[in-house]
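Listed below are the residues making up each chain.
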Amino acid sequence: MRPNLRVRGVVKMDPADPSKDGGEPGKKTALLLLGCPEVPVQMGIALYLASRLEKSGISVGVAGNPSVIQLIRVSDPDQHYVKRVMNLEKAMADLIEGRVHPDITVAFAHNDAGISYAATVRHVSASPLYLIIFGREAEALAALAEFECEKIVERAVHNPAQLKKKIDKVFGWAASKS
Amino acid sequence: MGCIEELKYETILSHASFKECREYVKEHFKERIEVDPGFKIFDSYIIGIPPILVGIEGDAVVFPYTKPCHGTFLLRIECSDEVDRLRKKR
């Protein structure tokens, strides 16, 4: 089932420390959880998603390990695409403890650990979960993700074009052919 | 999750899959406890795909510890307090 991006009721803001990272009251929020940055398509797709979601009026936070955070800050020095970054472990702790309630969560997985993180998110958070599975083992990894989520699977390593196409379709960003 | 790395631990499996760690605990430890993803152990949260099995052996806890770039490690840490806490969970 495709989760609905429209949110009803009171929107709770993340991150946990809005005074520092500047939550925008009244805006829907998305949390992107990135895995190890060793597969090139992840960073391009993350920046693309952040850009599209922000343009849709959704406040985006991106969580990753220190290398991921440095890659984002170097790739997007003026913070055009990603305004808020956070440590992955801190983001997971905040989700588990219920301190943040993103309206949608997008988890990236190209290895077993990525699926484990997504499974944990599914268990502790009620928000719609999109799971982007990529890399050379994409199909095999997708079979491990038996929990409820919207899976976007593509054997992408260097070239993000096909994965982007699938993401556009799922999020309703595909160009109309009519 | 930095705290665990500061404790005295023994690595039973390294760079493993989550399933491999689960199977190892199932096969090698008679006393096992099932916990949920996000369960706190040694002040860290367990990341994983349910069912998550934690093994107990004497005063030691055997549990999966996942890192984004390195997969899952099966760690063994001696701590009677944590063992008592886990046993009370049953």
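Residues numbered from 1 in each chain as written. Chains lettered and ligands numbered in written order. Predicted model: local features only at pLDDT ≥ 70, side-chain atom pairs only at ≥ 80, totals over all residues.

This part covers the overall build of chain B. Looking only at helices and strands, chain B features three helices and seven strands. Its helices and strands in sequence order give chain B the pattern α-β-α-β-β-β-β-β-β-α, from N to C terminus. Its C-alpha atoms give chain B a radius of gyration of 12 Å, near enough to 12 Å, the size a compact globule of 90 residues would have. For the C-alpha atoms alone, the extent of chain B along its principal axes is close to 35 × 25 × 20 Å. Across chain B, every contact between residues at least 6 apart in sequence was considered, and the portion connecting residues at least 24 apart equals 52%. (Helix = DSSP H or I, 4+ residues; strand = E, 2+ residues; numbered from the N terminus. Rg over C-alpha atoms; globule rule 2.2 N^0.38 Å. Contact = placed C-beta atoms within 7 Å.)

The next thing to look at is the nonpolar core. Residue and element names in this part refer to chain A. Counting residues in hydrophobic clusters, the biggest one holds 74 residues, and the most contacted among them are Leu-32, Leu-33, Val-62, Ala-107, Ala-118 and Leu-131. Here this core gets seven residues from one element, more than from any other, and that element is helix α2 (residues 41-55). Setting aside its immediate chain neighbours within four residues, Leu-33 contacts Ala-63, Leu-88, Ala-91, Thr-105, Ala-107, Phe-108, Tyr-117 and Val-121. (Core = buried A, V, L, I, M, F, W, Y, C linked by C-beta atoms within 7 Å. Buried ≥ 20, exposed ≤ 12 C-beta atoms within 10 Å, placed from the backbone.)

In this section: helix α2 (residues 18-28) of chain B. Looking only at α2 of chain B, the buried set comprises Phe-18, Cys-21, Arg-22 and Val-25 of chain B. For α2 of chain B, the angular spread of the buried residues around the axis is 100°, confining them to a single face. On its buried side, α2 of chain B packs onto α5 (112-124) of chain A together with β1 (10-16), β2 (31-35), β5 (52-57), β6 (60-67) and β7 (71-78) of chain B. (Arc of directions from axis to C-beta.)

All names here are of chain B. Here chain B averages 93 in pLDDT, and 98% of its residues register 70 or above. Helix α1 (residues 2-6) is the least confidently modelled element of chain B, averaging 71 in pLDDT, while β5 averages 97, the highest of any element. Both scores are given for the predicted complex: the pTM is 0.88, the ipTM 0.92. (pLDDT = per-residue confidence, 0-100.)

This part covers the sheet that holds strand β1 (residues 28-33) of chain A. Residue and element names in this part refer to chain A. An order of β3-β2-β1-β4-β5-β6 is seen for the six strands of this open sheet, with the pairing classed as parallel. Because the sheet does not close on itself, it has two edges, and the strands there are β3 (84-87) and β6 (150-153). The sheet shows a mean angle of 20° between the axes of neighbouring strands, direction not considered. Pairing analysis gives five bridges linking strand β4 (residues 104-109) to strand β5 (residues 129-133), with the strands arranged parallel. Across the sheet, residue Thr-105 finds its bridge partner in β5, namely Leu-129. Those strands touched by α5 are β1, β4 and β5, and its axis lies near 160° from that of β4. (Pairing = 2+ DSSP bridges. Axes fitted to C-alpha atoms, helices over the stretch in contact; angles between N-to-C directions.)

All names here are of chain A. Two elements, β5 and β6, share four bridges in a ladder whose sense is parallel. Counterpart to Ile-132 in the pairing with β6 is Ile-152. Of the crossover connections in this fold, the one passing from β5 over helix α6 (residues 138-144) to the parallel β6 is right-handed. (Right-handed = clockwise from strand over helix to strand, strands pointing away.)

Right, let's talk about the confidence of the model for chain A for a bit. The predicted model of chain A has a mean per-residue pLDDT of 88, with 85% of residues at 70 or higher. Note that pLDDT drops below 50 for residues 1-22 of chain A; the model gives that stretch 35 contacts with residues more than four away or on any other chain.

Once that is clear, we can look at the environment of Ile-12 of chain B. Residue and element names in this part refer to chain B. You can see Ile-12 is positioned in strand β1. According to the C-beta neighbour criterion, Ile-12 is partly exposed, with 18 such atoms within 10 Å. Through-space distance from the C-alpha of Ile-12 to that of Leu-75 is 5.7 Å; in sequence the pair is 63 residues apart. Setting aside anything within four residues of it in sequence, one finds Ile-12 in contact with Tyr-24, Val-62, Leu-74, Leu-75 and Arg-76.

With that out of the way, let us pick up the pairing of β6 of chain B. Side chains on a regular strand alternate between the two faces of the sheet. Residue and element names in this part refer to chain B. Across the eight residues of β6, six count as buried, placing the element largely inside the fold. Pairing analysis gives three bridges linking β5 to β6, with the strands arranged antiparallel. Across the sheet, Glu-57 pairs through a bridge with Ala-60, a residue of β6. Both β6 and β7 contribute to a ladder of eight bridges, which runs antiparallel. Bridged to Phe-63 within β7 is Leu-75.

All names here are of chain B. Geometrically, the link from Pro-50 to Pro-51 is a cis peptide bond, its omega value of 0° lying close to zero. Within the fold, Pro-51 resides in the loop between β4 (44-45) and β5. Of note in the backbone geometry, His-15 takes a positive phi value of approximately 50° without being a glycine. Counting through the fold element by element, His-15 comes out in strand β1.

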